[in-house]
Amino acid sequence: MSINGPVTRRQALRAGALGVTGLYVAACGSSSTTQSGGASSAASSGSSAKASTAPVTLNWETWNDHYLTQQIAAVKKATGIAARPSLESDDSDGYLKVKQTGGQYDIVSTDALWAPKFFKDGLTEPFDIASIPVSSQLYSIAKEVPFWKAGGGYLVYPNGWSSVNIYYNPKFVSPAPTSWEVLTEPKYAGKVVAENQPTDLMAMAGLATGAKEPYGMTTAEISKAQQFLQAAKPAFLKLVSQNSDSVRALADGSAWMALENLGTDFRVKAAGGPTVKEATPKEGVVGWIDGEQMVKASSHKDRFTQFLNGMEQANWVAQNFLVNGRPLFNEKAYKILVNQGYKERADLLWYNQPDKALQMTLKGPSGNVQAYIDAFNSVFGA
Amino acid sequence: MALTPEATVGRAPAVTPRRAPLSRRLAPYAGFSPAVVLFGGFFLAPLALIVLYSFWEVINYNVVHNWTLDNYHYFFSTPTYVKTLWDTIWVAAVTTALTLLAAFPLAYWLARYVRPAIRRPLLVLIIVPFWTSYLLRVTSWTTILGQKGVLNRFLELIGVIHQPLSFLLYDRPAVIVVLIYLYFPFAALTLYASLERFDWMQMRAAMDLGAPPRAAITRVLLPQIRPGITVSVIFVFIPVLGEYLTPQLVGGTRGVMIGNLIVNFFQGAEYTRGAAISLLIAAMIVVLLVVFRKQLDVADTYGR
Amino acid sequence: MAGEAADHVAPHKHLARGALVAWAVFIYFFLFAPIILLVLFSFNANQYGTLPITGWTLHWYHAAFNDFQIQDALKTTLSVALEVTIIATVVGTAAAFPLVRANLPFRSGIRAALTLPIMLPGLLIGVSLLTFFTGVLHLTLSNQTVVIGQAVYVTPFVILVVASRLEGFDRSLERAAADLGANSYQRLRHVVLPLIGPAIFAGALFAFTLSLDEFVITLFLIGGGNTLPIYIYTQVKFGITPEVNALATLLIAASLTITAAAFVVPGALRRVRRGRRISARPATGA
């Protein structure tokens, strides 16, 4: 066998392999920018928000109750903007995802005091809310939230708000809970679900143990809160990622209590489940006001306002309320709901009292993020 | 001069051969170069990074190059974490044992009693579920085990229970059942491969010599298929150690495994803590692979 | 020879065999029931996707086909799978040759090292690449990062498949070709590659299927995009609607079809080629 044989064959293989690798690396380098579904993102260079209907896909880091599937389809048809929602479990999850992915996301939803953090850390940009026509449908108080004003503009397009209460099935939970301590009762072991939001669960534990500022606890307060969570741990069946999961757990009976947003009772009923009631613990509850932020590194910022203008129309917001139950900041939608005969339900859920929203202990990043997460992790193991 | 062995042995070659140039000596290994780029750059380098990270710390979401053993110390000093680690090892051991117990009778039956003609389709049937998405196989169990799931309804229907069983889901038993389901094909096929090569006449010989069937199995069969059993154990135990999706979907708060903890740390930007635990698990796996490397080499992975 | 001559322990043996058969039946039921249920519920008119089955409908398939989020996820999944397949097949085939044929100093060690990406939890590949990309290379996550991550996991499978075929390859064929004057490129193109072609093809299809279904690594590296498994995972958090079941069924059907093709197509191609060669031969009248 000739000695040249293996050499030239190997060389052929090597050349081919290296060539492909080279091509690949070149392709890889050039395409590590944002990805968009449409081809003509370059066409959206018009200064006016309404100018282009060129197809584009916006990546939207959000929660499941910020949109309805048919709503996204309709907006796509009208504006050419297709939204690709990606679900976050809590604010710090969303924050980290945006931080890690640069301009991959175009819009990120967040709560209350997280918005200033996003802005301070250079992740989002303020915008002129008055320039979005649909913003005239909002309650004015939603456009005046003091910590949402920054950089000469507004940080968040308001969506909705809620407190996080204890929803319970009176058939199994009696007497009605009056305090967070109910979570430590052995008879409810494995019967509670809550959303997997470490910072906020720590804050609730802080409320339960008398912390002055649930989102700014001292080391001693954190330790007490952690002990409370440790005592309450047996109660939790699972920590869910989205509120729809809690609804299902209550509906099919695997959970008797849920720490959830307003409107859960309606949703459980709609899912074919039993009647559940709402209880507000005497130590207080945390709450949130949320909305949509514009990601600074996004390459589709010019379509942001156009997208919101399509999504946040009152008729959609009204539908969203009927599905998800918690109050929203769109005043015109309230009127639609009243016209459709849902005044009682809307009032029951404080829809037309948005001022209540700002009176809650609002969600935000904790003073010492690591300490909160550590305390939470060391209780739940994961 | 005749080329007799005595004449040729010990004769120095006429010309001292020059060493072949480096490119020619390396040429046979050229096919490795793309693999070296891929695995060196995107597998080994990141793992090395993890090793480094495990000794640094995270301050305000950023990794800071302070050398410290704090991550490991933190892990071992938190009872919940250590418990999760032990729970994971326990789950892996139980899953492996049950999987092998379930797979062995099937493999035995296939190797011994089934005609070769229908053996092949039956073997293919074992592996067919494996060709579907792992995620789908796990999620399919949530509809079976839930409160209003298929299993509960069936049990209620036939009157065995009157209230749905709630422990079926979101607890450790659910995790173990689903894991057995996922890893069964590995164990079954590996055991089968081993049993197929066994000479069944030895069993008859043993029984002809007066051994009862059970003794024939334990003293003739099992020792000879021990390599196969070892490989099955490895193929189930090691992946289960690193399981993440199954406990996340069906484990609830009580079925947490170390994989969930690692993910939680990384998704919470606690990269260094996550790295420390990752390193622990990786080290355990590598140790097992090294200890059992001989058995793994014997396995028919490369067709020999 | 079956060797089951009539002997004195017959009834005991029948019981044992019966028990084994019963166990086998149970196992096959256990293996397929979840998948069959998954498929079954995709036709369930009941919108909660659970029992009772209120009716049979194709409505959910219709919904799945028209859901543009699914179409979008499908596009991403396919493009990623294609890239991963190309990389894994090229890198894997190239690596199989020296693995089998070169005189390696630590052959078993290298083999073990090459299968390490399979043995380590996918989770570790995912998180290590995540930190590598974001912390060191400062790349933003994208479809390309997913391709790299999946390629690391998938390539060892291709290596296994191709190397296995190469081991059993009859080198004398190459020597015969060399004796007939073929140089190494010709030997590669006309002797080796055609004969191991089916294995490469099988490896490629295997790679494609693995990429289609890959979830854990993708979850960490995808950034803002969606592949079908990621989309399904997201929807599972909503609760398994029949639409998700329909999508799942389609995905299962696709995986099985592609894998079946890996077995069937090479044989069929071979028969076609043989047929063509035979018909191309001039008639010799025999």
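Just so you know, these numbers come straight off a predicted model, no measurement behind them.

Criteria and thresholds
Residues numbered from 1 in each chain as written. Chains lettered and ligands numbered in written order. Predicted model: local features only at pLDDT ≥ 70, side-chain atom pairs only at ≥ 80, totals over all residues. Helix = DSSP H or I, 4+ residues; strand = E, 2+ residues; numbered from the N terminus. Buried ≥ 20, exposed ≤ 12 C-beta atoms within 10 Å, placed from the backbone. Contact = placed C-beta atoms within 7 Å. Nonpolar A, V, L, I, M, F, W, Y, C, P; charged D, E, K, R; others polar. Pairing = 2+ DSSP bridges. Domains from an automatic or database assignment. Expected span 1.5 Å × (residues − 1). Bend = angle between axes of the 7 residues up to and from the residue. Axes fitted to C-alpha atoms, helices over the stretch in contact; angles between N-to-C directions. Parallel < 35°, antiparallel > 145°, perpendicular 65-115°, else oblique. Left-handed = near helix turned anticlockwise from the far one by under 90°. pLDDT = per-residue confidence, 0-100. Right-handed = clockwise from strand over helix to strand, strands pointing away.

## Description of the overall build of chain B
Per the secondary structure count, chain B includes 16 helices and 2 strands. Within chain B, the proportion of its 304 residues that are buried is 45%. The long-range fraction of contacts in chain B, counting pairs at least 24 apart against all pairs at least 6 apart in sequence, stands at 71%.

## Re the overall build of chain C
On a plain count of helices and strands, chain C comes out with 11 helices and 0 strands. Across chain C, helices and strands are ordered from the amino to the carboxyl terminus as α-α-α-α-α-α-α-α-α-α-α. A burial count over chain C gives 46% of its 286 residues as buried. Residue pairs at least 24 apart in sequence account for 78% of intrachain contacts in chain C once pairs closer than 6 positions are excluded.

## Looking at the interface of chain C and chain B
With 67 residues of chain C in contact, the opposing surface of chain B contributes 70 residues. In terms of residue count, helix H1 (residues 10-41) of chain C provides more of the side of chain C that touches chain B than any other element does, 15 residues in total. Per-class residue counts for the side of chain C that touches chain B are 50 nonpolar, 13 polar and 4 charged.

## Observations concerning the pairing of strand E10 (residues 257-261) of chain A
All names here are of chain A. Within E10, 5 of the 5 residues are buried, which leaves the element mostly enclosed by the surrounding structure. Both strand E8 (residues 192-195) and E10 contribute to a ladder of 3 bridges, which runs parallel. Each residue of the ladder has a partner; that of Ala194, found in E10, is Leu259.

## Considering the domain arrangement of chain C
It is common to give the size of an interface as the accessible area lost on bringing the parts into contact. Residue and element names in this part refer to chain C. Its domain assignment divides chain C into domain 1 (17-57) and domain 2 (68-271). When each unit is reduced to the centre of its C-alpha atoms, the spacing between domain 1 and domain 2 is 31 Å. Contacts between the two partners involve 8 residues from domain 1, matched on the other side by 8 residues from domain 2. Residues belonging to the side of domain 1 that touches domain 2 are distributed by class as follows: 4 nonpolar, 4 polar and no charged.

## Some remarks on helix H5 (residues 79-113) of chain B
Between its first and last C-alpha, H5 of chain B extends 50 Å over 35 residues, near the 51 Å set by a 1.5 Å rise per residue. A bend of about 25 degrees at Ala103 of chain B is the largest found in H5 of chain B, and the proline Pro105 of chain B appears one to four places after it.

## A look at unusual backbone geometry
Residue and element names in this part refer to chain A. Along the chain, Ser174 connects to Pro175 via a cis peptide bond; the corresponding omega equals 5 degrees. Structurally, Pro175 is set in the loop between strand E7 (157-168) and E8. Backbone geometry at Trp350 places phi at a positive 60 degrees, although glycine is not the residue there. Relative to the assigned elements, Trp350 resides in the loop between helix H12 (343-348) and strand E13 (361-362).

## A closer look at the environment of Glu331 of chain A
All names here are of chain A. Within the secondary structure layout, Glu331 lies in helix H11 (residues 331-339). Since 19 C-beta atoms lie within 10 Å of it, Glu331 is described here as partly exposed. In this structure, the C-alpha to C-alpha distance between Glu331 and Ala314, residues 17 residues apart in sequence, is 7.9 Å. If near-sequence neighbours (up to four positions away) are discounted, Glu331 is found in contact with Gln137, Leu138 and Tyr139.

## Regarding the packing of helix H15 (residues 271-291) of chain B against helix H5 (residues 122-136) of chain C
Each packed pair of helices is defined by two parameters, the angle between the axes and the distance between the axes. As a packed pair, H15 of chain B and H5 of chain C sit with axes 11 Å apart at the nearest point and diverge in direction by 140 degrees. In this view, H15 of chain B runs oblique relative to H5 of chain C, as classed from their interaxial angle. Considering the relative orientation of H15 of chain B and H5 of chain C, their crossing is left-handed. Residues Tyr271, Gly274, Ser278 and Ala282 of chain B of H15 of chain B pack against Leu124, Val127 and Thr131 of chain C of H5 of chain C. Counted by class, the contact of H15 of chain B with H5 of chain C contains 4 nonpolar, 3 polar and no charged residues.

## With respect to the packing of helix H5 (residues 198-208) of chain A against helix H6 (residues 219-232) of chain A
Residues and elements named next belong to chain A. Two elements in contact, H5 and H6, have axes whose closest approach is 8 Å; the angle formed by their N-to-C orientations is 100 degrees. Relative to H6, the element H5 lies roughly perpendicular. Across the interface between the two elements, Leu201, Met202, Ala205, Gly206 and Ala208 from H5 touch Glu221, Ala225, Phe228 and Leu229 from H6. Considered class by class, the residues forming the contact of H5 with H6 number 7 nonpolar, 1 polar and 1 charged.

## As for the environment of Phe235 of chain B
Residue and element names in this part refer to chain B. Following the sequence through the fold, Phe235 ends up in helix H12 (residues 226-241). Distance from Phe235 to Phe186, taken between C-alpha atoms, is 6.6 Å for residues 49 residues apart in sequence. Sequence-distant contacts of Phe235, defined by excluding residues within four places in its chain, comprise Phe186, Ala187 and Thr190.

## Concerning the environment of Asp90 of chain A
All names here are of chain A. Mapped onto the elements, Asp90 comes out in the loop between strand E2 (81-87) and helix H3 (91-101). A count of 20 C-beta atoms within 10 Å places Asp90 in the buried class. Residues in contact with Asp90, not counting those within four places in the same chain, are Glu195, Asn196, Gln197, Thr199 and Asp200.

## Side note on the confidence of the model for chain B
All names here are of chain B. With 90% of its residues at a pLDDT of 70 or more, chain B shows a mean pLDDT of 84. When pLDDT is averaged over each element of chain B, H5 comes out on top at 93 and helix H1 (residues 5-8) at the bottom at 52. pLDDT under 50 marks residues 298-304. Its contacts with residues more than four places away, or in other chains, come to 12 contacts.

## Concerning the pairing of E2 of chain A
Residues and elements named next belong to chain A. Counted residue by residue, E2 has 7 buried out of 7 residues, so it is predominantly covered. Residues of E2 alternate between two faces, with Ile81, Ala83, Pro85 and Leu87 on one and Ala82, Arg84 and Ser86 on the opposite face, all of them buried. Two strands pair when backbone bridges link them, and strand E1 (residues 56-62) and E2 are joined in this way by 7 bridges, in the parallel orientation. Pairing of Thr57 across the sheet is with Ala82, part of E2. The parallel pair E1 and E2 is bridged by helix H2 (residues 69-79), and the resulting crossover is right-handed.

## Side note on helix H3 (residues 32-53) of chain B
When the local axis directions of H3 of chain B are compared, the greatest deviation, roughly 40 degrees, occurs at Gly40 of chain B. Listed as buried for H3 of chain B are Phe32, Ser33, Pro34, Ala35, Leu38, Phe39, Phe42, Phe43, Pro46, Leu47, Ile50 and Tyr53 of chain B.

## Examining the confidence of the model for chain C
Close inspection of predicted coordinates is inappropriate for parts of the model with low pLDDT. Averaged over every residue, the pLDDT of chain C is 83; residues scoring 70 or more account for 90%. Interface confidence for the predicted complex, expressed as ipTM, amounts to 0.82; the pTM equals 0.80.

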